[in-house]
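# A structural walkthrough
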Amino acid sequence: MKILYRIYQLCIAVPLFLVWTIFISLTVAIGCTLFGGHWFGYYPGKAWAWVTLKLFLIPVKVEGRENLKEGESYVFVSNHQGMFDIFLIFGHLGRQFKWMMKQQLRKMPFIGFACARSHQIFVDKRGASKIKKTYDQARTILRGGMSLCVFPEGARTFTGHMGVFRRGAFMLADELQLPVVPLTINGSFDIMPRTRDYHFITWHPMTLTIHKPIRPESQGPDNIKRTMEESYDTIMSALVPEYQGFVENPDQ
C-alpha cells in the first residue's frame, strides 16, 4: 500500500495540487484586488485546504466546534506539528480568520502573493518599527471583528513535541480583552515532519481539537501569563501520548 500511495501522489495528487494551488492563488489575488479581502481572503483558501486533504486521502476528525459562538472574535492558538497544520485549520476550523505568519512565507511562489493580497499578517522582526507595524495590523483586524490564528511556538517542531510559547498573541488578546481558543493538532507530524519537507507524504489521520475559550479575568501581566500557561496546558492535554511533554525546539 505504501508504494501504491507514493505512485498516486507522484502521478495524480501532486500535479493536481500544484494546478489547484496556482488557480486558488490567482483567484485570491484577483478577487481581493477587485472586490476586497473579506470573502476572497478566506473562502477560496478554505476550499484550497479542504480539497488538498481530500487529494492526499487524509481523513480528518474535528472535535469541539460547539465551543465557538457565532459572531464572536477569537485569538486561536495552536501547536505547530508540520506543514499540514495549515490545511487542517484553514479547511476545517469553520471560522473566518486571518493568519499570523512568518515574513519568509511572503516569498513563496503564488501563495505568498495571495497571502499578501488577502491581508494575512506577516510577522516582520527586522527592527522595532516593523514589529510595531505587525502588531498594529493585527489589532486593526481584531478590532474589526475578525479572528486571528497564531502558532505561538513560532516554528514547526522537530520532534512532534511542543516547544515554548511566545507572548505576542496573548498580549494582543489581553489588550483587546478577547478570548483565546487553544487548538490541538494531532497527526500532522506523522504525515510530513519538517525534517522531511518535500519528500513523499506518509498517510496518517488528522484530528483538530477546538477547546473551550479562555476568557480574560483581568488585564495586564497576570492575565497574559494565565492565558498563556492555560493554553499551553490545554493543548498539551489533548496531544497523543507519544508527543506529550516539553522538548526544546532549537529553531525557537
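Note: the structure precedes this text.
Summary of the structure given here. (Residues numbered from 1 in each chain as written. Predicted model: local features only at pLDDT ≥ 70, side-chain atom pairs only at ≥ 80, totals over all residues. Heavy atoms only, no water.)

Okay, a nonpolar patch on the surface next. A cluster of nonpolar side chains, contributed by I22, L26, I30, L34, F35 and F110, occupies part of the molecular surface with about 620 Å² of accessible area. Looking at the element boundaries, L26 is found in helix 1 (residues 2–35). (Patch = residues over 30% accessible without salt bridge, like charges linked within 9 Å, V, L, I, M, F, W, Y side chains within 5 Å. Areas by Shrake-Rupley, 256 points an atom, 1.4 Å probe, with all protein chains shown as cover. Salt bridge = Lys/Arg side-chain N within 4 Å of Asp/Glu carboxyl O. Helix = DSSP H or I, 4+ residues; strand = E, 2+ residues; numbered from the N terminus.)

This next bit is on the nonpolar core. Within the largest apolar cluster, 39 residues are counted, with the highest numbers of intra-cluster contacts made by F56, F84 and I89. Elements that contribute at least two residues to this core include exactly helix 1, helix 3 (43–55), helix 4 (84–92), strand 3 (97–102), helix 5 (111–117), strand 6 (180–186) and strand 7 (206–210). Counting residues per element, this core draws most heavily on helix 1, at six residues. In this structure, M162, F170, V180 and M228 belong to the second largest nonpolar core, which totals 26 residues. (Core = buried A, V, L, I, M, F, W, Y, C linked by side-chain atoms within 4.5 Å. Buried < 20%, exposed > 50% of the residue type's maximum accessible area, 1.4 Å probe, protein only.)

What follows is about the pairing of strand 5 (residues 147–150). The two faces of strand 5 match: S147 and C149 on one face and L148 and V150 on the other face are all buried. Alignment of strand 3 against strand 5, held across three bridges, turns out to be parallel. Paired with F97 across the strands is S147, a residue of strand 5. (Pairing = 2+ DSSP bridges.)

In spatial order, the strands read 1-7-6-2-5-3-4; together these seven strands make up an open sheet with mixed pairing. In this open sheet, the two edge strands, each paired with only one partner strand, are strand 1 (60–63) and strand 4 (121–123). Going from strand to strand, the sheet's axes swing by 20° on average, the running direction of each strand aside. Summarising the sheet, strand 6 and strand 7 pair through four bridges and their orientation is antiparallel. Bridged to L183 within strand 7 is I210. In the packing of helix 4 onto the sheet, contacts are made with strand 1, strand 2 (75–78), strand 3, strand 5, strand 6 and strand 7, and the angle to strand 7 comes to roughly 55°. Sheet strands in contact with helix 9 (residues 221–237) are strand 2 and strand 6, and its direction is about 30° off that of strand 6. (Axes fitted to C-alpha atoms, helices over the stretch in contact; angles between N-to-C directions. Contact = heavy atoms within 4.5 Å.)

All right, on to the pattern of salt bridges then. Per the counting criterion, the structure on display carries seven salt bridges. For the salt bridge of E63 with K61, the shortest nitrogen-to-oxygen distance reads 3.2 Å. Measuring nitrogen to oxygen at the nearest pair gives 3.3 Å for the salt bridge that ties E230 to R226. Of this pair, E230 and R226 are both found in helix 9, four residues apart, which corresponds to roughly one turn of the helix. Because the salt bridges share partners, they merge into one network encompassing D136, R139, R143 and E175.

This paragraph deals with the side chain of N79. Among the structural elements, N79 can be located in the loop between strand 2 and helix 4. A relative accessible area of 2% means that N79 is categorised as buried. Among the polar contacts made by the side chain of N79, one reaches the main-chain amide nitrogen of I185 at a distance of 2.8 Å. Those residues in contact with N79 that lie beyond four places of it in its chain are D85, F151, E153, M162, L183, T184, I185, I235 and L239. (Polar contact = N/O pair within 3.5 Å; in protein donor to acceptor, adjacent residues only side chain to side chain.)

A few words now on the packing of aromatic side chains. Applying the stated rule across the entire model yields 21 aromatic pairs. Between F165 and F170, the aromatic rings sit 6.1 Å apart at their centres with planes inclined by 20°, giving stacked as the arrangement. An aromatic cluster is defined as three or more aromatic residues linked by ring pairs; in this entry it consists of F35, W39, F40, Y42, Y43, F90, F97, W99 and F151. The ring of F158 has R194 lying over it, and the distance from NZ or CZ to the ring centre is 4.1 Å. (Phe/Tyr/Trp six-rings, centres within 6.5 Å; stacked < 30°, edge-to-face > 60°. Lys NZ or Arg CZ within 6 Å of the ring centre and 35° of its normal.)

Moving on, we come to helix 9. For helix 9, spanning 17 residues, the distance from its first C-alpha to its last is 24 Å, which sits close to the expected 24 Å at 1.5 Å a residue. Of the residues making up helix 9, those classed as buried are N223, I224, R226, T227, M228, S231, Y232, I235 and M236. Residues of helix 9 that are buried sit in contact with strand 2, helix 7 (168–176) and strand 6. (Expected span 1.5 Å × (residues − 1).)

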